[in-house]
Amino acid sequence: MTQSVLILGATGRFGRNAMAAFRNAGWVVRTFDRTTERLEQAAQGADAIVNAWNPPYPDWQAQVPELTRQVISVARDTGATVIIPGNVYVFGADSPGPWSTATPHLAQNPLGRIRIEMEEAYRASSVRTIILRAGDFLDTCASGNWFDQVMIKPLARGRFIYPGNPDIAHAWAYLPDLARAAVALAEMRKRLPRFCDVPYEGYTVTGSEMAQALSRVTGRPVSVQSMNWLPIQLARPFWRMAPHLLEMRYLWNTPHSLEDGFFRDLVGYFQRTDLDAALKRAIPGALRSDGVLAHA
């Protein structure tokens, strides 16, 4: 029987990759336009709802609780399973690692608390929910994330900008792989716990190791350069995003990784893309077709 999925936030990073992964797996994929459609109608007949809505940081407090309420209400009425791309914000700097499904959610900062409250709303509901938790994203095109907006901007000059300590572990996920993981979990949704928190390990690498991988991919030395946070600090009074970027700065100086034994137990063998191959696809416009780094 053909299965159908409704993608909320289909133009975003995870949503765009989820569309491709579900279609490749034979699902009927539907998207939602908040300006012209009603969620209650759009969700009718959907077996799963991918909630990839992700407002800008400054709007989280105002929008996330209401968006959560809407999705829970619709999923309860339709019986659809909700799949959420989770993050590591819930843990905070004081949770011991590696972070797993058993790790307590100890975040005290505003964005971390919003994510904790969102997840608790799903846990307290009767809705079948899958949270697929991952670290920072590596995408297949420029999508406004840390990696393409900041870190590889000077890559053509042999530099990799790093926002924190380049010698500590950091969690990353390649979005096409993460989206395929979401499909795998969606296809076994009826056999999963009603609320299922599934960490996905992805890649655990230091900034220095990432630079070494970029050196291999580009065929020339790539050095790590520390990011200057002063412009963001100075922008706090007039740039709404600045306080939130500073709030989450701790993740670049907190060693962390995700333990995905639960994911492996559920899914079994899962073919992850090699880090070098993922990086080559995640450097939009920086490589020529022959794989040689383009000049700045």
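Refer to the structure above for everything that follows.
Residues numbered from 1 in each chain as written. Predicted model: local features only at pLDDT ≥ 70, side-chain atom pairs only at ≥ 80, totals over all residues. Heavy atoms only, no water.

Q: Explain the overall build of the chain residue by residue, including any values.
A: Looking only at helices and strands, one finds eleven helices and eleven strands in the chain. Since a compact globule built from 296 residues should have a radius of gyration of about 19 Å, the 19 Å found for the chain is in line with a globular shape. When the 296 residues of the chain are sorted by exposure, 55% land in the buried category. About 13300 Å² of surface is accessible on the chain, with carbon and sulfur atoms providing 50% of the total. Placing the 31 positive and 27 negative side-chain charges of the chain at their respective mean positions leaves the two points 3 Å apart. (Helix = DSSP H or I, 4+ residues; strand = E, 2+ residues; numbered from the N terminus. Rg over C-alpha atoms; globule rule 2.2 N^0.38 Å. Buried < 20%, exposed > 50% of the residue type's maximum accessible area, 1.4 Å probe, protein only. Areas by Shrake-Rupley, 256 points an atom, 1.4 Å probe, with all protein chains shown as cover. Lys, Arg positive; Asp, Glu negative; His and termini not counted. Charge placed at Lys NZ, Arg CZ, Asp CG, Glu CD.)

Q: Could you give me a rundown of helix H4 (residues 110-124), with the residues and numbers involved?
A: With 15 residues, H4 ought to run about 21 Å at 1.5 Å a step, and its terminal C-alpha atoms sit 21 Å apart, in line with that. Along H4, the positions that sit buried rather than exposed are Leu 111, Gly 112, Ile 114, Arg 115, Ile 116, Met 118, Glu 119 and Tyr 122. On its buried side, H4 packs onto strand E3 (48-51), helix H3 (60-78), strand E4 (81-86), strand E5 (129-133), strand E9 (195-199) and helix H9 (242-247). (Expected span 1.5 Å × (residues − 1). Contact = heavy atoms within 4.5 Å.)

Q: Could you give an account of helix H6 (residues 175-187), with specific residues and numbers?
A: Under the 1.5 Å per step criterion, the end-to-end length of H6 is 18 Å for 13 residues, consistent within 8% with the ideal 18 Å. Within H6, ten of the 13 residues are buried, leaving the element largely enclosed by the surrounding structure. For H6, the complete set of buried residues consists of Leu 175, Asp 177, Leu 178, Ala 179, Ala 181, Ala 182, Val 183, Ala 184, Leu 185 and Ala 186.

Q: Could you give me a rundown of the sheet that holds E3, with the residues and numbers involved?
A: Reading across from one edge, E2-E1-E3-E4-E5-E9 is the order of the six strands in this open sheet, with parallel pairing throughout. Strands with a single pairing partner mark the edges of an open sheet, and in this sheet they are strand E2 (28-31) and E9. Between one strand and the next, the sheet's axes are offset by a mean angle of 20°, whatever the strand orientation. Examined bridge by bridge, strand E1 (residues 4-8) and E3 share four bridges and lie parallel to one another. Following the sheet pairing, Leu 8 is matched in E3 by Asn 51. Packed onto the sheet, H3 meets E1, E3 and E4 and runs at close to 175° relative to E3. Contacting E4, E5 and E9, H6 runs over the sheet at an angle of about 155° to E5. (Pairing = 2+ DSSP bridges. Axes fitted to C-alpha atoms, helices over the stretch in contact; angles between N-to-C directions.)

Q: Got a sec to walk through the nonpolar core? Specific residues and values, please.
A: In terms of nonpolar packing, the biggest core is built from 70 residues, with Leu 6, Leu 138, Phe 147, Phe 160, Trp 172, Leu 214 and Leu 279 touching the most fellow members. With seven residues, the top contributor of residues to this core is H3. Apart from the residues lying within four places of it in its own chain, the contact partners of Trp 172 are Gly 135, Asp 136, Phe 137, Leu 138, Phe 147, Met 151, Glu 201, Gly 202, Tyr 203, Val 205, Met 210 and Trp 252. Residues Ile 7, Met 19, Phe 137 and Val 183 belong to the second largest nonpolar core, which totals 34 residues. (Core = buried A, V, L, I, M, F, W, Y, C linked by side-chain atoms within 4.5 Å.)

By themselves, these observations are geometric and do not establish any function.
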